[in-house]
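Working through the structure, step by step
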Amino acid sequence: MSVLADIDSGASILCAPTPAAWVEDALAHLPELLQDHANCEKKAASTALALMFAYPEDRPLGAALSRLAREELRHFEQVLRAMALLALPFARQRPGRYAQQLRRAARTGDPGRKLDLLLTGALIEARSAERFALLAPHLSPPLARLYADLAGAEARHFLLYVGFARAAAPQEWRTRLEALAEREAQLVTEPDETLRFHSGPLRD
Ligand SMILES: [Fe+2]
Ligand SMILES: [Fe+2]
């Protein structure tokens, strides 16, 4: 996978780009997308907290994830404000298949589980960064600015997760990243039933 050769320069770890059809679907379902986006920010914070509880002995990880969780909650508040400005209601919404299926690809026992959770965190952040950057040019204020800013923030987060993954398993991280990145790419490119921030394009 050639992208992995460039990882030190901060190049993406994703092994397939988001299909153009997803961008079209997302723009056609903006209220649904924003609702799911708000939920994703909450989920990003709770994933970070879950990792802090799972590995309390890793103090550098705990300190970094504490900051990350606070940042994700600020993102949540920013999305809420954007939704209020656009007069979009906040409703209950079922999550898509992405996070659950990706988590299913992670090993269930340590030491492998910690590496896999760090790598799935990295992939989710990298996909988010890619999609914010793809959507931003098509949006009007205030969303255009917000999405451009979030693209930068989530790119920082993916590098943070990759850094901890490399430290946790210097020999193994690359091979596991390749396997998990392939699963991740399937989930965001194969036709999907519902439009979500990390879904595939909608089935015809
Ligand atoms: Fe975020
Ligand atoms: Fe993030």
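To be clear, the structure that these remarks concern was listed above.
A short tour of the structure in this document, coming up. (Residues numbered from 1 in each chain as written. Chains lettered and ligands numbered in written order. Predicted model: local features only at pLDDT ≥ 70, side-chain atom pairs only at ≥ 80, totals over all residues. Heavy atoms only, no water.)

All right, on to the coordination of the iron ion (ligand 1) then. At this site the iron ion (ligand 1) is bound by Glu41 (OE), Glu72 (OE), His75 (ND1) and Glu154 (OE), with donor distances of 2.0 to 2.2 Å. With 4 donor atoms in place around the iron ion (ligand 1) and angles of 90 to 136° between them, the coordination shape is irregular. In terms of primary sequence, the donors binding the iron ion (ligand 1) are separated according to E-x30-E-x2-H-x78-E. Between the iron ion (ligand 1) and the iron ion (ligand 2), the interatomic distance is 3.5 Å, and Glu72 donates to each metal, bridging them. (Donors = N, O, S within 2.8 Å, 3.2 Å for Na, K, Ca; no water. Tetrahedral: all angles 85-135°; square planar, octahedral: opposite > 155°, others 65-115°.)

Among the nonpolar cores identified, the biggest contains 29 residues, and Ile13, Leu51, Leu118, Leu123 and Tyr161 are the most heavily contacted of them. Counting residues per element, the ones that place at least two in this core are helix 2 (30–54), helix 3 (59–85), helix 5 (112–135), helix 6 (143–168) and helix 7 (173–189). A total of 7 residues in this core trace back to one element, the largest contributor, which is helix 5. Apart from residues no more than four positions distant in its own chain, Leu51 is found in contact with Leu65, Leu117, Leu118 and Tyr161. (Core = buried A, V, L, I, M, F, W, Y, C linked by side-chain atoms within 4.5 Å. Buried < 20%, exposed > 50% of the residue type's maximum accessible area, 1.4 Å probe, protein only. Helix = DSSP H or I, 4+ residues; strand = E, 2+ residues; numbered from the N terminus. Contact = heavy atoms within 4.5 Å.)

Turning our attention to the coordination of the iron ion (ligand 2). On the protein side, the iron ion (ligand 2) has Glu72 (OE), Glu125 (OE), Glu125 (OE), Glu154 (OE) and His157 (ND1) as donor atoms, found 1.9 to 2.6 Å from it. All donor residues of the iron ion (ligand 2) come from one chain, and their arrangement in sequence is E-x52-E-x28-E-x2-H.

Pairing of side chains with opposite charge becomes possible as their charged atoms draw close. Considering all chains together, one arrives at 11 salt bridges under this definition. The partner of Asp58 in a salt bridge is Lys114, and the shortest N-O contact between them spans 2.7 Å. One end of the pair, Asp58, is in the loop between helix 2 and helix 3; the other, Lys114, is in helix 5, with 56 residues separating them in the sequence. Take Asp58 and Lys114: they sit in the same class, and that class is buried. Taking the shortest distance from any N to any O, the salt bridge between Asp149 and Arg145 comes out at 3.4 Å. Of the two residues, Asp149 and Arg145 are both situated in helix 6; the distance of 4 residues between them amounts to about one turn of the helix. The network of salt bridges with shared partners includes Arg107, Asp116, Glu172 and Arg176. (Salt bridge = Lys/Arg side-chain N within 4 Å of Asp/Glu carboxyl O.)

Let us now look at the environment of Thr18. Among the secondary structure elements, Thr18 is positioned in the segment before helix 1 (20–28). C-alpha separation for the pair Thr18 and Ala64, spaced 46 residues apart in sequence, amounts to 28 Å. Reaching out from Thr18, the side chain makes a polar contact with the side chain of Arg127 at a distance of 3.4 Å. For Thr18, the side chain forms a polar contact with the side chain of Glu130, separated by 2.6 Å. (Polar contact = N/O pair within 3.5 Å; in protein donor to acceptor, adjacent residues only side chain to side chain.)

Two descriptors summarise a pair of aromatic rings, namely the distance from one centre to the other and the angle between the planes of the rings. Applying the stated criterion across every chain, the model contains 4 aromatic pairs. An angle of 75° between the planes, with centres 6.1 Å apart, marks the rings of Trp22 and Phe197 as edge-to-face. Residue Trp22 is located in helix 1, and its partner Phe197 is located in the segment after helix 7; the two are separated by 175 residues in the primary sequence. One exposure class covers both Trp22 and Phe197, and it is buried. Measuring from ring centre to ring centre gives 4.8 Å for Phe132 and Phe197, while their planes differ by 45°; the resulting arrangement is tilted. Separated by 65 residues along the polypeptide, Phe132 in helix 5 and Phe197 in the segment after helix 7 bring together distant segments of the chain. By the burial criterion, Phe132 is buried, and Phe197 matches it. Three or more aromatic residues joined by ring pairs make a cluster, and in this case those are Trp22, Phe132, Tyr147 and Phe197. One Lys or Arg, Lys114, reaches over the ring of Tyr55 and ends 5.3 Å from the middle of that ring. (Phe/Tyr/Trp six-rings, centres within 6.5 Å; stacked < 30°, edge-to-face > 60°. Lys NZ or Arg CZ within 6 Å of the ring centre and 35° of its normal.)

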